[in-house]
Structure formats: structure tokens, C-alpha cells
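# What the coordinates show
For reference, the chains in residue letters:
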Amino acid sequence: MTLLEVRNLKKVYTTRFGGAKVQALANVSFSVEEGEYVAIMGESGSGKTTLLNIIASLDKPTSGEVLLRGVNIHGIKESQLAEFRRDNLGFVFQDFNLLDTFSVRDNIFLPLVLAGRPYREMEARLKPLAEKLEISDILNKFPYEISGGQKQRTAVARALITKPQIVLADEPTGALDSKSTDQLLRMFSEINREGQTILMVTHSLKAASHAGRVLFIKDGEVYHQIYRGAMSNEAMYQKISDTLTALTTRGYQA
Amino acid sequence: MKINFFPQLALLNLRKNSRVYTPYILASIGTIMMFYILGSMAFDEEGLSRTYGGIQMLAILRLGLIVVGLFSIIFLLYTNSFLIKRRKKELGLYNILGLGKRHLAKMMFFETLYVALISIIAGLLLGMLLSKLMFALLLRIVSFPVPLGFSVSSIGIIVTVLLFGAIYFLALLSNLVQVGKARPIELMRGSQYGEREPKTKWLLALIGVGTLGYGYYIAQTVEAPGQLIGMFFYAVILVIIGTYCLFTAGSIAVLKAMRRNKRFYYRTKNFTSVSGMLYRMKKNAVGLANICILSTMVLVMISTTVSLYIGIDDTVNSIHPAEVQMTMYGEDPSFMEKMNSALDTALTRTGLKEQRRVNYRHFGVSFGSFAKGNGYRSYTFLPLSHYNAIEGENLTLDEGEVIICGSFAGDSLAIEGTDFSAKVKEVRPDFSFADRYIEGATWHVVVKDLDEVYSELSAQIPDNVGDMTCIAGSELGQGAEAEQMLAEELRAALKEIGLAANISLRSEERSQLVSLYGGLLFLGIFLGALFSMATAMIIYYKQVTEGFEDKERFEIMQKVGMSLGEVKKTIRRQILIVFFLPLAAAVVHIAFAFKIITRMLNRLLISNVRLFALCTAATVLGFALVYTVVFALTARSYYKIVRTQAEAA
């Protein structure tokens, strides 16, 4: 079943005084099935983050629409948007976006507290999640006391605790060392196996090679896509690498 | 390197960091201005000491100067410490890019020099200008001679320059030590290290509770009138210390307790507020304590001077029983008769009709020293006939009975050192002409035969018994001209019978008080306005600096599903609590100071506690209104900073 459908997205940024126009997205269309693990790749400036922000309803497209289970998210009223985001989307950011005034536990609880859930339920949801993400023993620490990998796993826990329809990850391994990256990607795969839909934007080959499908964006358009099928991570890695090389060289030739 | 490289670099840095330096410099200028104005008044010995009550004013002003000086040191050093924290990354970058620690020190020296020069010069100039301006303005509003000249004060300038030069030097020193100790990489991370969760400092919180409690206790219990000013000063210092301790440590202890209560904490409206407040208090506690103390000063200053001024009529009525009166000292029983007959003569000659005749004969017995305050007690004896006439009563007394006015417990009165003792028939409220009423230390004793008691007491304790005072006068109620006429004839009539009584007019007494209290009122309004401005300045400073710090936090909350409406609500709740806490604390301070201030006002001849209570309440309301307006205006700039960012996200 199609969970997310992106249709003909276009985004043009106008500078403040109406001067130069910058086209971030030209015409992007794709869809994500329930339970899929999709990576979107592209170079810096290719429009990846803009795309993710629009899907996350943090930004509005110039034209085109985003449907989540058939509902156009840009048709939702501003006043209900925050609630919609809270209930349906989980976010993982490159720079973690943890609040330094909260302990790890409270950071994870934040979306549930905002939703007005009882404390008992929060604890019940947190326990298995913290075990799975291996953060049970740092729950009482503060963000400045833990490592980057631990911070990102905290952020993942925060994204998952609301049981969202889809997890949106923006360059989640961007600020991590290789060991933490491996650990996080392993966890993403595991979560995905349990049925969680994940949409990840990245320019890391390694991160993308864990996904079930990779979309390539260039100059604001979906250029190409690769399905994993029965490939191993290594084979997927090789294939993505080849595709990127091909894309780049073709780009230079053109 | 070129000679002027560092001065230029320093200038460039200030310009680049103008967003953080502008509020800092503005706050410094305001502080210096305030200190200078107060200093120029406190050292203006010639102007002040010439006036009635000027010596006390000078003492109060100097106390104020010390408080403002302490406040300046704390405020500026505190502000500086946050400034340097924000700039650590930049300094680290310079360090990595090849500026040695010595070069950094040079650069920072010039930065501090510029800030100091700009602030001190602008502060002094504005201080001179503003004092002149406010002086001229207030002179137009009130119509009495003001004892202050507001000339440029050289001592004021010197003291200001010395104090603030030292403060900036200390700030530079602490910055240099911090940068000198740190490795470049630590500097680079400096601003991140700053976000540690505040620890609960129990000791500090306990000290706060202790000093505040003791200060309040002193204010409630001080008895000795002569010690009032000294004890008041002592209590003020204790309360200031307590305020700082409780705002810094106590607030965090309370917030942490709130956080431990899971049912309370994990609710949408409490969750972000409590945790946000924890960090806000860490940074703002001192600023808020400053606001609290300044607010208290404004409230005390204005409410006391206003109530003194409004209460002039009550005061003058109690110290000057009749409109036109004669006073004689001495026990001769014929004095009253002679004065009354002179009054009759004068009334007949002028053809004036009196509304009421006032006869008041009394003498005082006192123990201990009023000035030193070691167990001061005073009894004023007066005859029943005069009491009944003055108060319009029809009481009776038997032999060996007295009526006591004032607060008195027990059913018999004994005067120490004598065998005098009497049965207390009744305890009544204060006597109308209680010119120096102090609760629990002064009493009016109504006796049947005054002369008998006088001779009995003066024989046994001559040193403690004062002169017999005889007052006779008329209440005319026909204006100043009639008063003058009567006084004129009275003078002649007294001469004829050869009585050297002293004639005084209530209207003259009143105009003397007007000039004294008017001067005080002027000073109160002036200082009140000054401190209000300082308060507004700190609030503005806090709002602006916090806006930048909070915006990131609210951005993240929006990303994880907080709506703009909720963000606004949280912000409002937080800043409301943060900024109205000092006001609330100031009102509590006032409430506890009420008693001791009432007693100090007693010394300035006022006994109308209700009036003072009303004035205090009105001042609190008025100030709260001004505070709210200032808050609303500055909150807008805060919202703007936080929201533009939040909406852009």
C-alpha cells in the first residue's frame, strides 16, 4: 500500500527583495510503500534537504503536493499542522537537535508530553525502545555528557516513541564516526525489518547502501533509482557507487 | 605587526559582535549614569546639610550609593561573564589562526578599553544632562524650594571613574584568566560547555533563607527607637544578601523539586517551562535579584516620601494643637489662667469668634536615651479636664486612678525609681497630640491632679522629669489673615500682663514642614524615577539577550511537533513568571519592611499608619503598572527575535 506520494514538487526560492530566483526542486515525483526503507542521494545543493523539509511540512512547495495515506499534508490547517507532525512523522536530524535543557529521557518524552500522554504510558513505551537502541543506562544523563552516537540514538528514540507512520532522517550519520555510523545503520535496518517506514536523505554511500531503494536527485529532479532486490549491503554499495560515478561523469560530459 | 593592529582589530570585533555588545554597553551606560547622579547628590554636602533634615538625607543617599555601587559591580561582572562565554569560540579561532595568548590579551585589553571609555564618558555626560533635565522638570511640577543644586560634581565624577574603571579592570582580568587557562580546542567548544545543568547549592539556599529570615525578623522586632536607622541598614544588607542567595540557589532548588514530581512535570504546560526556567534562572538569577532590589528601593522611596507629604496636615495638627497658641514652660499654676485671659482680651479686641479653646498642660517623664535607644520609654502626664476637652469625652477618674493612651498591658502603672503607682482604669487609643508616638515606648497618662503627680515625681526622680509645658490657644477656622490678626493682639495682651509666652501659628509650622517634606518628596520621586529606569533597562537587557538564546530551543520544539501557538504560550508563561517574580518578592520585602519604616517615619513626626499603608499600596499598584508596560514593550522585542527565527524554520 502506498504510504507517501510526492507529486510534481517544485520549489523556487526568491531572495528577500525579489531579486534572483533559485530553483531548488524542479519536478519531483515518487512514492513510498508502507514498510519501505528509501534513501535519497544527491550532491550538496541538489535539493535533498529542501525535499525532506517539504515532506516534513516544515516548508511549503511552490507547486505540487505531498500525500500521506492519501491526505494532502499541505492542505492541513496551520493550527493542526504541529499536531499532525507530532502524531504521524518522526524526525532524525544530522545535528541531533536535542534540547540541552532536558535529560536524555526527557528529550525522548518531549513529543509525548506535547501530545498530553500520561507518564505511565511514556515509561512503558520508553523501556523496550531504550533497550533496542542501547541507551537504557544513559537515560538520566544530559546531551552534553554523551557521545555523538548516543545523541543520535536518543534522537531516533524520540522519533520512534510516537509510533510514527514514517521516519524522516536528514543525513543522520553526517556527524558520526564510522563505528557509531555502523551501529546506527544496523539499528535502522532492524527497525525497518520490524515494519517501520523510513525515508532518509544522505550523501553517504554507506548509509544509502542499507536502504531497500535509493533515489538519486540531481538539479532538483529524480534522476535515477536502484532497487536492492536480493543484493547484499556490499553489492548495493558497489552498485550505488557505480551509479554515482556514471551520474557524475555524465554530468561533466554534459 | 603594525602598531595599531590590535586597536583596530578590537574595534572590528566590537562592531562584529555588536549584537551582544550593544545591550552590554547600553546597560553599562545606564548603570554609570545612575551611579553618577546618585553620587553627585550624596557628595553635595553644602547644598543638603544647609536644609532641615539634610544630614539624615545625606546619610540615606550614601546608603543608596553603596547599594547602587554593589549592584553595579555584581551586574557588570555578571554580564561580562556571559559575554566572554559567547565569544570563546571566536577567541579560540583567533588562537588557532595564529594569534598567541599574549596577542589575544592585547586585543581584549583594547576591547575593554573601548567599552570602558564609551560607557564611562557617555554615562557621565548623560548623567549630568539627565540630572539637570529632571531637576528642571520636577521643579516645574512641584512648587517648593528644592535644596539641591545639581551642579556638575567633581567628586561624583572622580568616584564614578574610579569605581567603574576598577570594575572594567576586574572584568578584563577575569576574562584574561579564563582565556589564559584554556587550550584552543577548549575555547572552540567554550560556548557548548556553558550549558551544564545548574547544581542545587543547598548551602547558599540555606544562607539565603537564614539572612532573609533574620533581616525580616529584625525589621519586625526592633524596639529601640535610636537604633532604628542602624538596624534598618543592617536589615537592608541582610535582605539584599538573602535576595541574591535565594534567587540564585533557592529558585533552582524549588524548580528541581518540581521536576522530581513526575505527575506535575510531565504535563505539556509544565514540562518546557520548568526545564527552561531552570536554565534561565541559572543565567538570570542575579539580574532578577537586581530588579527585585531596585524595585523595592523605588517602592520604599516613593511611598514614604509621598505619605510624609500627604500626611502633613495630620502631622501639623498633632504637633501644633491649636491654630494660634501660646506656650509657657514652668509649674506655676497661674500660667494657664493668664494665657487664657490674654486670649480672651485679644479675641474681644479683634472681634474674632473662636471655634474652640485648647488648653493642654503636660509634662514628660522619660528613661533611657532616645538617640542611643537603650530602653527608651516616655510617659506624658496630662490632666483629665484637658483630656476630656480635647477629645470631647466625659470621663471620670477616682483618686489613684489613671487612663493610659497607647498600647499598654496590665492593670496598674508604676514609674520606676519612685513609689508612684496607680490603678489603670482604662486603656484608650492614641492621644490626638501625640507628637512622637512610638508603639510600646510612649504613653500618655491621664491623671486627676496633674500638679500633685508632678511634685511627687520631680521630688524623687528630678533628672527624668521634664518641664511642665502649658499650652493655650484658639481654633479659629477663618484663614491665615485672622490668625495673624489674633497673634498681633495676643502679643500686645501678653505684654500688658507681663507674660513671656511664646506665640506660634499652625500655618507657619505647616509651611516649614511643607518645605522639609517637599524636599524629601522631590528626592523620592527623583530617585524612584532613576531606579525605575534602571529596572526597565535590566528587563530590556534580559529580554534581548535571552531572545537569542531561546530561539534555537523553540526551533527544535517546533520540529518535534510543538505548534506556534504552544510555543507562544510557553514563552509567555516563562517570561511572565521570570519577570513578575522580582516584583512579587519586592512586594513581600515591602510588607516586612512596613513596620520598621512606620517607626522611622514616627521619628519624622507621623503617626498615621493607615495613610502610609494606603500610600504604599498605591505605589505598589502604580509601579506594577509601569513595570507591566515596560515588560510588555520589551517582551515584544523578545517575541520578535524568537518568532522570526521560529517561523523561518
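Starting afresh in each chain, residues are numbered from 1 along the sequence in its written order. Here chains are named by letter from A upward and ligands by number from 1 upward, in the order in which they appear as written. Totals for whole chains, interfaces and linings use every residue, but because this is a predicted model, local features are given only for residues with pLDDT of at least 70 and side-chain atom pairs only at 80 or more, for both listing and counting. As a rule here, side-chain values cover all heavy atoms of the structure and leave hydrogens and water aside.

### Side note on the overall build of chain B
For the record, the criterion: Each helix is a run of DSSP H or I of at least 4 residues and each strand a run of E of at least 2, with the numbering of both proceeding from the N terminus. The cut-offs for exposure are 20% and 50% of the maximum accessible area for each residue type, with area from a 1.4 Å probe on protein chains only; residues under the lower value are buried, those over the upper are exposed, and the others partly exposed. For this analysis, residues touch if any pair of their heavy atoms sits within 4.5 Å.
Along the backbone of chain B there are 19 helices and 9 strands. Burial statistics for chain B: of 649 residues in total, 54% are counted as buried. A fraction of 81% describes how many contacts in chain B between residues 6 or more apart in sequence connect residues 24 or more apart.

### Concerning the pairing of strand 7 (residues 442-447) of chain B
Residues and elements named next belong to chain B. Formally: Paired strands, in this sense, are two strands between which DSSP finds at least two bridges.
Summarising burial for strand 7: 6 of the 6 residues are buried, a large majority. Of the two faces of strand 7, both are covered, the one formed by T442, H444 and V446 as well as the one formed by W443, V445 and V447. Taken together, the 6 bridges between strand 3 (residues 377-383) and strand 7 define a ladder with parallel strand orientation. Directly across from Y379, in strand 7, lies its bridge partner W443.

### Considering unusual backbone geometry
All names here are of chain A. Non-glycine residue S57 carries a positive phi angle of around 65°. Relative to the helices and strands, S57 resides in the loop between helix 1 (48-55) and strand 4 (63-68). Even without glycine at this site, E171 takes up a positive phi of about 50°. Inspection of the secondary structure assignment puts E171 in the loop between strand 7 (166-170) and helix 6 (178-193).

### A short note on helix 13 (residues 334-350) of chain B
Residue and element names in this part refer to chain B. The condition that has to hold: An expected span of 1.5 Å times one less than the residue number is assigned to each helix. Note: the arc covers the axis-to-C-beta directions of the helix.
The first and last C-alpha atoms of helix 13 sit 24 Å apart over 17 residues, in line with the 24 Å expected at 1.5 Å per residue. The set of residues buried in helix 13 consists of F335, M336, M339, N340, A342, L343, A346, L347 and T350. Seen along its axis, helix 13 keeps its buried residues to an arc of 160°; they face one direction. Of the exposed residues in helix 13, those oriented more than 90 degrees away from the buried face are E337 and T348. Looking at the residues trailing helix 13, positive phi occurs at G351, about 75°.

### Regarding the interface of chain B and chain A
Operational definition: Defined here as a combined quantity, buried area equals the accessible surface (1.4 Å probe) lost by two parts on assembly, summed across both. Within this document, salt bridges are pairs made up of a side-chain nitrogen of Lys or Arg and a carboxyl oxygen of Asp or Glu, the two lying within 4 Å of each other. N or O atoms within 3.5 Å of each other form a polar contact, as long as, within protein, one can give a hydrogen and the other can take it, and as long as residues adjacent in sequence are counted only when both atoms are side-chain atoms.
In this assembly, 24 residues from chain B lie in contact with 26 residues from chain A. Summing the contributions of chain B and of chain A, the shared interface buries around 2400 Å²; its carbon and sulfur component is 65%. If you sort the residues of chain B by the area they bury against chain A, Y266, K559 and V560 of chain B come out on top, with a joint share of 28%. Linking chain B with chain A are 0 salt bridges, by the criterion used here. Along the contact surface separating chain B from chain A lie 2 residue pairs in polar contact (both at pLDDT 80 or more).

### A closer look at the packing of aromatic side chains
Heads up, the condition is: For Phe, Tyr and Trp, rings pair up if their centres lie within 6.5 Å, where Trp contributes its six-membered ring, and each pair is then called stacked (planes under 30 degrees apart), edge-to-face (over 60) or tilted (otherwise).
Evaluated as defined, the whole model comprises 27 aromatic pairs over all chains. Measuring from ring centre to ring centre gives 6.2 Å for Y21 of chain B and Y24 of chain B, while their planes differ by 65°; the resulting arrangement is edge-to-face. Note that Y21 of chain B and Y24 of chain B are positioned in helix 2 (residues 18-42) at a spacing of 3 residues, about one turn of the helix. Residue class for Y24 of chain B comes out buried when judged on its relative accessible area of 4%. Relative to F271 of chain B, the ring of Y265 of chain B has its centre 5.2 Å away and its plane inclined at 55°; by these criteria the two rings are tilted. Exposure remark for Y265 of chain B: the relative accessible area of 1% places this residue in the buried category. With relative accessibility at 0%, the residue F271 of chain B sits in the buried group. Taken together, the aromatic side chains of F102, F109 and Y119 of chain A together with Y265, Y266 and F271 of chain B make up a single cluster linked through ring pairs.

### Some points on the environment of I471 of chain B
All names here are of chain B. Among the structural elements, I471 can be located in strand 8 (residues 469-475). In this structure the C-alpha to C-alpha distance between I471 and N359, which are 112 residues apart in sequence, comes to 5.8 Å. I471 has contacts with Q325, M326, T327, M336, M339, V358, N359, Y360 and H362, leaving out every residue within four places of it along the chain.

### Some details on a negative patch on the surface
Residue and element names in this part refer to chain B. Under the convention used in this document: Here a patch means residues that are over 30% exposed by relative accessible area and free of salt bridges, tied together within 9 Å if like-charged and within 5 Å if nonpolar (Val, Leu, Ile, Met, Phe, Trp, Tyr). Throughout, the Shrake-Rupley method with a 1.4 Å probe supplies accessible areas, and for residues the shown protein chains are the sole cover considered. None of His or the chain ends enter the tally, which takes Lys and Arg as positive and Asp and Glu as negative. Taken as the charge centre is NZ of Lys, CZ of Arg, CG of Asp or CD of Glu, depending on the residue.
Negative charge collects at one region of the surface, where D398, E399, D449 and E452 lie side by side. When you line up the elements, D449 lands in the loop between strand 7 and helix 15 (450-460). Residue D449 is classed as partly exposed on the basis of its relative accessible area of 35%.

### Topic: the environment of E197 of chain B
Residue placement: E197 of chain B occurs in the loop between helix 7 (184-193) and helix 8 (202-221). By relative accessible area, which is 15% here, E197 of chain B ends up buried. Residues E197 of chain B and Y279 of chain B, 82 residues apart in the sequence, show an inter-C-alpha distance of 7.1 Å. Excluding its chain neighbours within four sequence positions, the residues that come into contact with E197 of chain B are F142 and Y144 of chain A together with K256, R259, L278 and Y279 of chain B.

### Here we look at the side chain of Q183 of chain A
All names here are of chain A. Of note, Q183 is situated in helix 6. Relative accessible area serves as the criterion here: at 18%, Q183 is assigned to the buried category. Discounting chain neighbours no more than four positions away, the residues touching Q183 are E134 and R153.

### Here's the deal with the pattern of salt bridges
A full pass over the atoms with the stated rule returns 24 salt bridges over all chains. Between E65 of chain A and R7 of chain A there is a salt bridge, and its shortest N-O distance comes to 3.0 Å. Taken as a pair, E65 of chain A in strand 4 and R7 of chain A in strand 1 (residues 2-14) lie far apart in primary sequence, 58 residues in all. Owing to a relative accessible area of 26%, E65 of chain A belongs among the partly exposed residues under this scheme. Where E401 of chain B meets K423 of chain B, a salt bridge forms, and the shortest distance between an N and an O atom there is 3.7 Å. With E401 of chain B in strand 4 (residues 401-405) and K423 of chain B in strand 6 (residues 421-428), this pair connects stretches of sequence that are 22 residues apart.

### Details of the pairing of strand 1 (residues 324-329) of chain B
Across a regular strand the side chains alternate sides, sitting on one face of the sheet and then on the other. Residues and elements named next belong to chain B. Of all 6 residues that make up strand 1, 5 are buried, and the element is covered over most of its length. Bridging between strand 1 and strand 9 (residues 502-505) involves 4 bridges; their strand directions are antiparallel. Looking at strand 9, one finds that T327 is bridged to N502. The pairing of strand 1 with strand 8 spans 6 bridges and is antiparallel. Counterpart to Y329 in the pairing with strand 8 is T469.

### Topic: the side chain of H74 of chain A
All names here are of chain A. With respect to the secondary-structure elements, H74 resides in the loop between strand 5 (71-72) and helix 2 (78-88). Assessed through its relative accessible area of 19%, H74 is described here as buried. Only 3.2 Å separates the side chain of H74 from the backbone oxygen of I54, close enough to count as a polar contact. H74 has contacts with I54, S57, D59, K60, P61 and V66, leaving out every residue within four places of it along the chain.

### Section: the sheet that holds strand 5 (residues 412-414) of chain B
Strands belonging to one sheet form pairs held by backbone hydrogen bonds; the direction of such a pair is parallel or antiparallel. Residue and element names in this part refer to chain B. In plain terms, the rule: Angles here are taken between N-to-C directions and fall from 0 to 180 degrees, while the axes themselves are lines fitted to C-alpha atoms, restricted in helices to the stretch in contact.
Taken together, the 9 strands give an open sheet; going across it, the order is 5-6-4-7-3-2-8-1-9, and neighbouring strands pair in mixed fashion. Here the strands that pair on one side only, and so sit at the sheet edges, are strand 5 and strand 9. Here the average twist between neighbouring strands, direction ignored, is 35°. Here strand 4 runs beside strand 6; their pairing, made up of 5 bridges, is parallel. For I404, the partnering residue across the bridge sits in strand 6 and is V427. Of the strands in this sheet, strand 1, strand 2 (356-367) and strand 8 touch helix 13, which is tilted by about 20° from strand 8.

### Comments concerning the packing of helix 3 (residues 104-114) of chain A against helix 4 (residues 119-132) of chain A
Residue and element names in this part refer to chain A. Spelled out, the test is: Roughly parallel means an angle under 35 degrees; roughly antiparallel, over 145; roughly perpendicular, 65 to 115; everything else is oblique. Crossing handedness is defined as follows: a turn of the near helix away from the far one that is anticlockwise and smaller than a right angle gives a left-handed crossing, while the clockwise case is right-handed.
One way to put it is that helix 3 packs onto helix 4 with a least axis distance of 10 Å and a crossing angle of 125°. Between helix 3 and helix 4, the crossing angle belongs to the class labelled oblique. With respect to the hand of their crossing, helix 3 and helix 4 are arranged in right-handed fashion. Contact residues: R105, I108, F109, L112 and V113 in helix 3; Y119, M122, E123, R125 and L126 in helix 4.

### A closer look at the confidence of the model for chain B
All names here are of chain B. The cut-off we apply is this: On a scale of 0 to 100, pLDDT captures the predictor's confidence in every residue.
Residues of chain B with pLDDT of at least 70 account for 88%, and the chain-wide mean is 81. Counted against residues more than four places away or in other chains, residues 645-649, with its pLDDT under 50, gives 8 contacts. Predicted complex metrics record ipTM = 0.74 and pTM = 0.70.

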